[in-house]
Amino acid sequence: MFLVSDGRDKRKQTIARHAIDDLAVGVILAAIDFEWTCRRCILALGYEPTMRMKEEFVDQKWFGRELKVAWQEKVQRGNHKSICSLSEVFDKWAKENCGCYVVWQDVMHAFDIRNKIVHGATGTVSVQDGRTCINVFEVACDVLCEYVITAGGFDSRSIFKRIVRYKGTGDAVEVAKPSIKKQKEKKFAGASSDEILVEGVRLRVANMDRITGGKVRPSLARKLFVSMRPFFKEW
């Protein structure tokens, strides 16, 4: 439904478009957007490697009300007193720094209505409750994005980019590790076809040597070299 690269405006438009036909669907989408935004903010402000944090989101079942626990564990603990708790972001920081805000209790009430819809307790939602929930979730997302910019020193598009942190630090690294293809292109830049071929054979022999426990014969290495040559064009 949403792409990582979709900004706030596009997400709001998507939610509003579906809410016209069915408010219940709009509420669910708005809740999805809030949970995604909150997780992205935790990844950006957190102090542990990104992959480890993503795994814990699944293992610990941090969603809905439990996002407050995730924020405490992965953001506050690593940044000590410099970062507000998730409830303080809405109840205190937003009141002082944002023109429009919602309190944490409003967000939790909106989640209660969302849960009733998702788990079949109710098949629909009133116009007033539906529009209120959507508005609460959207304002909450705006507040979180603003907080990441202010507290973390990120730009307005930071959480809509790939967030990668390889080591446990307090700073998120917004650059992805180069792909294997890019690494190979850099390694073999300016190399001849024979040099690339020899390197390929060397890697295959090394791999077979590991598998067979150091019993790769020279004759086998020559056969590998000959068998691979047809797959390379002359440069």
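That block above? That's the structure.
Nothing here was measured: the structure is a model prediction, and the numbers come from that model. (Residues numbered from 1 in each chain as written. Predicted model: local features only at pLDDT ≥ 70, side-chain atom pairs only at ≥ 80, totals over all residues. Heavy atoms only, no water.)

Trainee: Lay out helix α1 (residues 8–21) in plain terms, naming residues and giving numbers.
Mentor: In this model α1 runs 21 Å from its N-terminal to its C-terminal C-alpha over 14 residues, within 8% of the 20 Å that 1.5 Å per residue would give. Taken residue by residue, α1 has Arg8, Arg11, Thr14, Ile15 and Ala19 as its buried positions. Looking down the long axis of α1, one finds its buried residues gathered within 130° of arc, a one-sided arrangement. Along α1, the residues that are exposed and aim more than 90 degrees away from the buried face are Asp9, Gln13, Ile20 and Asp21. (Helix = DSSP H or I, 4+ residues; strand = E, 2+ residues; numbered from the N terminus. Expected span 1.5 Å × (residues − 1). Buried < 20%, exposed > 50% of the residue type's maximum accessible area, 1.4 Å probe, protein only. Arc of directions from axis to C-beta.)

Trainee: Give a detailed account of the environment of valine 164, specifying residues and quantitative values.
Mentor: Considering the arrangement of structural elements, one finds valine 164 in the loop between α7 (127–152) and α8 (180–187). Here the alpha-carbon distance between valine 164 and proline 49, two residues 115 residues apart in the chain, equals 7.6 Å.

Trainee: Outline the pattern of salt bridges, listing residues and values.
Mentor: With the rule as written, the count across this model stands at eight salt bridges. In this structure, the salt-bridge partner of arginine 65 is aspartate 112, at a minimum N-O distance of 3.2 Å. In this pair, arginine 65 sits in the loop between α3 (50–59) and α4 (67–79) while aspartate 112 sits in helix α6 (residues 104–118), placing the two residues 47 residues apart along the sequence. Judged by its relative accessible area of 30%, aspartate 112 falls in the partly exposed class. Residues joined in a network through salt bridges with shared partners are Arg8, Arg11, Lys12, Asp33 and Asp142. (Salt bridge = Lys/Arg side-chain N within 4 Å of Asp/Glu carboxyl O.)

Trainee: Let's hear about the packing of helix α5 (residues 86–97) against α7: which residues, and what values?
Mentor: Close contact between α5 and α7 brings their axes to 11 Å; oriented N to C, the two are set at 90°. As far as their axial angle goes, α7 and α5 are roughly perpendicular. When α5 is examined against α7, the residues Leu86, Val89, Phe90, Trp93 and Ala94 are found in contact with a partner set consisting of Ala140, Val143, Leu144, Glu146, Tyr147 and Thr150. Residues that form the contact of α5 with α7 fall into these classes: nine nonpolar, one polar and one charged. (Axes fitted to C-alpha atoms, helices over the stretch in contact; angles between N-to-C directions. Parallel < 35°, antiparallel > 145°, perpendicular 65-115°, else oblique. Contact = heavy atoms within 4.5 Å. Nonpolar A, V, L, I, M, F, W, Y, C, P; charged D, E, K, R; others polar.)

Don't take any of this as a statement about function, it's just geometry.
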